[in-house]
Structure formats: structure tokens, C-alpha cells
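Single-letter residue listing:
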Amino acid sequence: MFLDDNFLLTSQTAQLLYRNHAKAMPIIDYHCHLDPKEIYEDKAFRNLTEAWLAGDHYKWRLMRANGVPESHITGDASDYDKFLAWARTLPKAVGNPLYSWTHLELRRFFGISEPLNEASAPAIWEEVNRKLAEPAYTRRSLIRNSNVKIVCTTDDPADALEYHRLLKESEQAFQVFPTFRPDRALNIGAEGFGAYLERLAAAAGQPVTTYAELVEALRSRVEFFHDNGCRLSDHALDVLRYQAAADFVEVEHIFAIRLQGAVLTPEQITVYRTELLSALIGMYHDKNWTMQLHLHAYRNNNTPMFRRLGPDTGYDGLNDLPLTEALSKLLDRAECGKGLPKTILYSLNPGDYPALLALMGCYQKDTAGKLQLGSGWWYNDTRDGMRRQLTLLADNSLLGNFVGMLTDSRSFLSYTRHEYFRRVLCEWIGELAGRGEAPDDPALLGQLVEDISYNNAAGYFGFASGR
């Protein structure tokens with residue numbers, strides 16, 4: 001039956017693994033895009049559209065594919081009309097993970113088992129909105145009730161982190177930690193780079209008029225983030241190129257001419273990004289942080305819609321440029337210096353997985369799973385995408401060290417994605433046992449499931465130990 005207790009669990013082994021080992025494990029959501037201010041203020045949602053559709057470019061893409069006008073997606077249509085447009089779209093999404101996720105969210109958070117469609121939409125709208133007005137459905141309540149223990153947000157080095165400090169003082173059921181995301185410091189060719197440096201200088205309390213001062217300002221912010229619980233960095237490296245500077249003077253010259261308003265050549269941009277990223281990797285190593293590299297998104301493909309709506313609105317695709325040589329040089333440079341920090345490599349292009357796994361194996365040492373192939377990201381967090389990632393990870397490395405799933409979401413209702421992943425994981429492991437590739441040993445397989453669901457992440461990131 002649809003979304004019953006055995007949803008995705010196609011063998012008895014899978015069913016037992018999920019019920020006895022995966023289901024009750026807590027959640028560490030170590031990469032998301034929730035706003036810490038929203039978490040702290042803990043306001044009720046005005047309605048289901050705000051909770052469900054606002055900022056969700058996964059849903060927006062499907063609505064556009066169904067011919068829904070932009071007024072009913074990101075425009076000025078009423079919240080109910082936007083919800084109704086999603087309800088009309090959903091029946092055509094059978095087979096897409098959003099069909100499962102949508103109904104999992106309705107069931108797990110609101111107790112609604114009826115499929116969402118145009119006919120059921122009015123009653124579901126009324127029932128969910130009634131519940132969203134109750135204290136049990138505020139932002140923090142949704143996190144608590146999802147058995148989430150740790151949330152890692154995504155934060156700019158210039159952020160003051162005031163809401164993280166307030167949450168530390170006021171919230172006991174779960175912890176919210178910042179993640180250091182210095183993309184704007186790396187994007188020297190971007191419009192507004194000079195204005196950003198002024199903001200960074202103000203946050204660091206020191207001038208940023210030279211490249212050397214920039215590095216020291218970022219070092220200061222790493223210290224500040226660390227003192228506020230940060231143990232992860234993150235980078236969006238949509239195109240990764242590597243070109244080392246001849247010497248420090250060259251980088252200072254590139255920085256100086258950019259501040260004078262000159263347009264840099266692609267080669268100059270690559271040199272700057274290579275040097276600054278390498279300097280940051282050294283800082284992460286010093287702090288025993290985990291570095292996350294999100295690779296190979298191809299951003300903002302629809303120019304008119306980018307001009308109208310800006311980034312992160314559903315117009316990004318997969319990048320298929322070469323990756324291995326530049327990434328190998330970057331990792332090797334770090335290893336030849338202080339050494340690589342713990343590193344998670346995500347690629348939006350699943351065709352990169354074999355090359356990433358082979359390269360990772362060249363730098364594994366000291367820590368179990370020091371280099372990780374990140375969970376299926378964005379277009380790959382489907383059942384098929386998750387299974388592909390698990391298969392290649394097991395084929396080429398140690399599945400038992402995998403740090404598992406994350407939401408990568410702006411939605412407070414997205415924690416059912418962890419349930420979805422855990423069901424896929426148990427299904428996949430159950431198939432191994434069914435084929436005789438693994439012993440049908442509840443203790444062995446159950447420990448594997450518990451570790452991937454929670455234990456590995458808890459140990460790998462060092463939150464519990466305070467490292």
C-alpha cells in the first residue's frame with residue numbers, strides 16, 4: 001500500500017533493519033540552509049504555502065514543467081492559489097521523489113494520509129493551517145519533533161552569529177552550529193566584491209586593503225566561528241580550476257588591480273582563487289574542521305529569469321567540465337603542506353563519482369573515512385541516485401564509514417528526507433543479504449545502519465567531544 005510501514009522496504013531483512021535500527025536514530029543535519037534567525041524567533045507559519053513552497057526550487061521546477069504561470073510560483077498570486085497549483089501538479093509527479101516527500105511530510109507532521117490533489121486540496125489546506133497555528137508546529141517544534149540533535153546552517157564569514165549565540169542560551173533539545181562559507185571572498189570577479197571586503201573588514205575589526213590583510217581577516221573569522229561552535233566549512237566550486245601563483249607578489253598584484261576597478265583575466269581569477277582556497281584549507285586543518293566542497297553545479301542558465309528572480313530559484317543544472325586534474329592538484333598541495341583536513345566531496349554530476357572515489361583513496365589516512373563521497377546531492381537525492389551513490393561508495397571504499405544523509409534544504413519540513421534515505425539504505429543492504437553478498441546477520445547489518453544513520457556523523461564532526 002502507498003507509503004505504508006514497508007514503503008521501499010522490499011525484503012524482510014530491510015524491514016527489520018529499518019524498524020529495529022534506522023527508524024529511532026536521531027538526526028544530525030550537518031548541511032542545510034535554514035535561517036538561524038527564523039529558528040531563534042520560532043514563529044508560527046502563516047500557512048502551508050509559507051512552510052512548504054516558499055524558497056523550494058525543487059517544487060518550483062516541477063510546477064514550471066506543468067505550465068504553472070510564474071505568478072503562481074514566485075509571483076503575486078495568493079498563497080492558496082500557489083498551494084492549489086502545487087496540488088494540481090503533484091498527481092503528475094508519480095515516480096519523482098517529491099511525490100513521496102510531499103506525502104511523507106503530510107503524514108509525519110500533520111497525520112494526513114489522503115493523497116494531495118485538486119479535489120483533496122481544500123480540506124488539506126484547512127486542516128494543515130489549523131495545526132500550523134498551534135505551538136507544536138512552530139519552527140523549533142518541528143525540529144524537536146523530528147528527533148534532530150544538531151543543525152548546521154550556512155553562514156558567511158562576515159556574519160555576526162548573534163542568533164547562534166542566542167540559540168545556545170535558549171534551546172536545550174537540539175544545537176545549532178554555523179558553517180563557514182567564504183564564497184564571496186573567493187569570487188574576486190563578482191560584482192560587489194569591494195563592498196563585500198568592507199563588510200568583512202568591519203566584522204573582523206581590521207582593514208582589508210591587501211591580499212595579506214584579507215587572509216588575516218579570514219583567519220580571524222575562522223577563530224570567531226570556531227569559538228561559536230563551527231566545525232565545518234563549505235564551498236560552492238561550480239567550476240574548479242587550479243593555477244598556482246609564481247610568488248606572493250603576484251597574488252598581491254592581482255588583488256590590488258581588482259580593487260582599482262580593473263577587470264581580471266580568467267587566469268588571474270584562477271590564480272587568486274587557487275591561492276586563497278589553499279590558504280583556507282590550511283586554516284581548516286589547524287582547527288580540525290571538516291571541509292565540504294560542492295562541485296559542478298552549472299548556475300543561472302535562464303538569463304531573463306535570473307534577472308527577474310536572482311539565484312537559487314530553479315535555473316541551475318549539471319556541469320560536465322573536467323574535474324580530476326584540478327582537484328588532485330588542490331588536494332595534493334594541501335597534503336604536501338600541513339595536510340588535508342577531513343573532506344567531503346559532493347558533485348552535482350553523478351558521472352564524477354568514480355573519479356572522485358578513486359582520487360579520495362589516494363589521500364585516506366589517520367581518520368576512518370577522512371575523505372568522504374558526499375550523499376546524493378540535489379538532482380541525486382532520488383531513490384536511484386542514492387542507490388547509485390551507495391553502490392559506488394561500497395565498490396570503491398568503505399560503506400561503514402559513510403556519514404550519511406543531510407537535507408541541504410531551506411524547509412523546516414524536510415527532515416522526512418532522512419527517513420527516505422534510511423529506507424533506501426535498508427532496502428539496498430537487504431538486497432546485498434538477499435543475494436548472499438553479505439551475511440543476513442542482524443547485529444552486523446544493524447550496526448552498519450545505525451552508524452550510517454547517526455553514529456558516524458556524530459564521531460566524524462567532533463560535536464560531542466567538543467574538539
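Now for a quick tour of the structure. (Residues numbered from 1 in each chain as written. Predicted model: local features only at pLDDT ≥ 70, side-chain atom pairs only at ≥ 80, totals over all residues. Heavy atoms only, no water.)

### Some thoughts on the overall build of the protein
Next up, step 1: The secondary structure content of the protein amounts to 20 helices and 9 strands.
Next up, step 2: The globule rule puts the C-alpha radius of gyration for 467 residues at 23 Å, and the 23 Å found for the protein is close to it.
Next up, step 3: The principal-axis extent of the C-alpha atoms belonging to the protein is close to 65 × 55 × 45 Å.
Next up, step 4: Classification of the 467 residues of the protein by burial places 56% in the buried group.
Next up, step 5: Partitioning the contacts of the protein with sequence separation of at least 6, the portion at a separation of at least 24 is 78%.
Next up, step 6: Put simply, the protein shows about 19200 Å² of open surface, and 50% of that area lies on carbon and sulfur atoms.
Next up, step 7: Of the charged side chains in the protein, 49 are positive and 60 negative, and the gap between their average positions amounts to 2 Å. (Helix = DSSP H or I, 4+ residues; strand = E, 2+ residues; numbered from the N terminus. Rg over C-alpha atoms; globule rule 2.2 N^0.38 Å. Buried < 20%, exposed > 50% of the residue type's maximum accessible area, 1.4 Å probe, protein only. Contact = heavy atoms within 4.5 Å. Areas by Shrake-Rupley, 256 points an atom, 1.4 Å probe, with all protein chains shown as cover. Lys, Arg positive; Asp, Glu negative; His and termini not counted. Charge placed at Lys NZ, Arg CZ, Asp CG, Glu CD.)

### Some points on the sheet that holds strand β2 (residues 148–152)
Next up, step 1: Read across the sheet, 3 strands follow the order β1-β2-β3 without closing on themselves; strand pairing throughout is parallel. Since the sheet does not close on itself, it has two edges, and those belong to β1 (27–29) and β3 (175–177), each with one partner. Between one strand axis and the next, the sheet turns through 10° on average, direction left out of account.
Next up, step 2: Where β2 meets β3, 3 bridges bridge the pair, whose relative direction is parallel. Bridged to Cys-152 within β3 is Phe-177. (Pairing = 2+ DSSP bridges. Axes fitted to C-alpha atoms, helices over the stretch in contact; angles between N-to-C directions.)

### A short note on the environment of Ala-121
Next up, step 1: Residue placement: Ala-121 occurs in helix α7 (residues 121–132).
Next up, step 2: For Ala-121 and Ala-85, which are 36 residues apart along the polypeptide, the C-alpha to C-alpha distance reads 9.8 Å.
Next up, step 3: When neighbours within four sequence positions are excluded, Ala-121 is seen to be in contact with Phe-83, Leu-84, Ala-87 and Leu-116.

### What about the nonpolar core?
Next up, step 1: Membership of the largest hydrophobic core comes to 152 residues, with the highest contact counts inside it found for Tyr-30, Leu-116, Leu-214, Tyr-272 and Leu-276.
Next up, step 2: Among the elements that take part in this core, helix α19 (residues 416–434) stands out by supplying 9 residues, more than any other.
Next up, step 3: With residues up to four places along the chain from it excluded, the contact list for Leu-214 reads Leu-197, Leu-200, Val-208, Phe-255, Tyr-272 and Leu-276. (Core = buried A, V, L, I, M, F, W, Y, C linked by side-chain atoms within 4.5 Å.)

### Observations regarding the pairing of strand β8 (residues 342–347)
Next up, step 1: Of all 6 residues that make up β8, 6 are buried, and the element is covered over most of its length.
Next up, step 2: Residues Lys-342, Ile-344 and Tyr-346 line one face of β8 and the alternating positions Thr-343, Leu-345 and Ser-347 line the opposite face, and both faces are buried.
Next up, step 3: By the bridge criterion, 6 bridges tie strand β5 (residues 290–295) to β8 in an arrangement that is parallel. The partner of Gln-292 across the bridge, within β8, is Ile-344.
Next up, step 4: Bridge count for β8 against strand β9 (residues 371–373) is 3 bridges, and the pairing is parallel. Across the sheet, the residue bridging to Ile-344 is Gln-372, located in β9.

### Overview of unusual backbone geometry
Next up, step 1: Its identity is not glycine, yet Asn-288 carries a phi of approximately 60°, on the positive side.
Next up, step 2: Relative to the helices and strands, Asn-288 is located in the loop between α14 (266–287) and β5.
Next up, step 3: Asn-288 sits in the partly exposed class, given a relative accessible area of 35%.
Next up, step 4: Here Asp-408, not a glycine, exhibits a phi torsion of approximately 50°, which is positive.
Next up, step 5: Tracing the backbone through its elements, the reader meets Asp-408 in the loop between α18 (383–396) and α19.
Next up, step 6: Assessed through its relative accessible area of 14%, Asp-408 is described here as buried.

### A closer look at the pattern of salt bridges
Next up, step 1: Tallying each qualifying case throughout the model produces 33 salt bridges.
Next up, step 2: With a shortest N-O distance of 3.9 Å, Arg-299 and Asp-312 are connected by a salt bridge. One end of the pair, Arg-299, is in the loop between β6 (297–298) and α15 (303–309); the other, Asp-312, is in the loop between α15 and β7 (317–318), and 13 residues separate them in sequence.
Next up, step 3: When its relative accessible area of 34% is taken as the criterion, Asp-312 is described as partly exposed.
Next up, step 4: One salt bridge in this structure joins Lys-329 and Glu-325, with 3.3 Å as the shortest N-O distance. Taken together, the positions of Lys-329 and Glu-325, both in helix α16 (residues 324–336) and 4 residues apart, correspond to about one turn of that helix.
Next up, step 5: Residue Lys-329 is classed as partly exposed on the basis of its relative accessible area of 39%.
Next up, step 6: Residues joined by salt bridges that share partners form a network here, namely Glu-38, Arg-46, Glu-50, Asp-79 and Arg-139. (Salt bridge = Lys/Arg side-chain N within 4 Å of Asp/Glu carboxyl O.)

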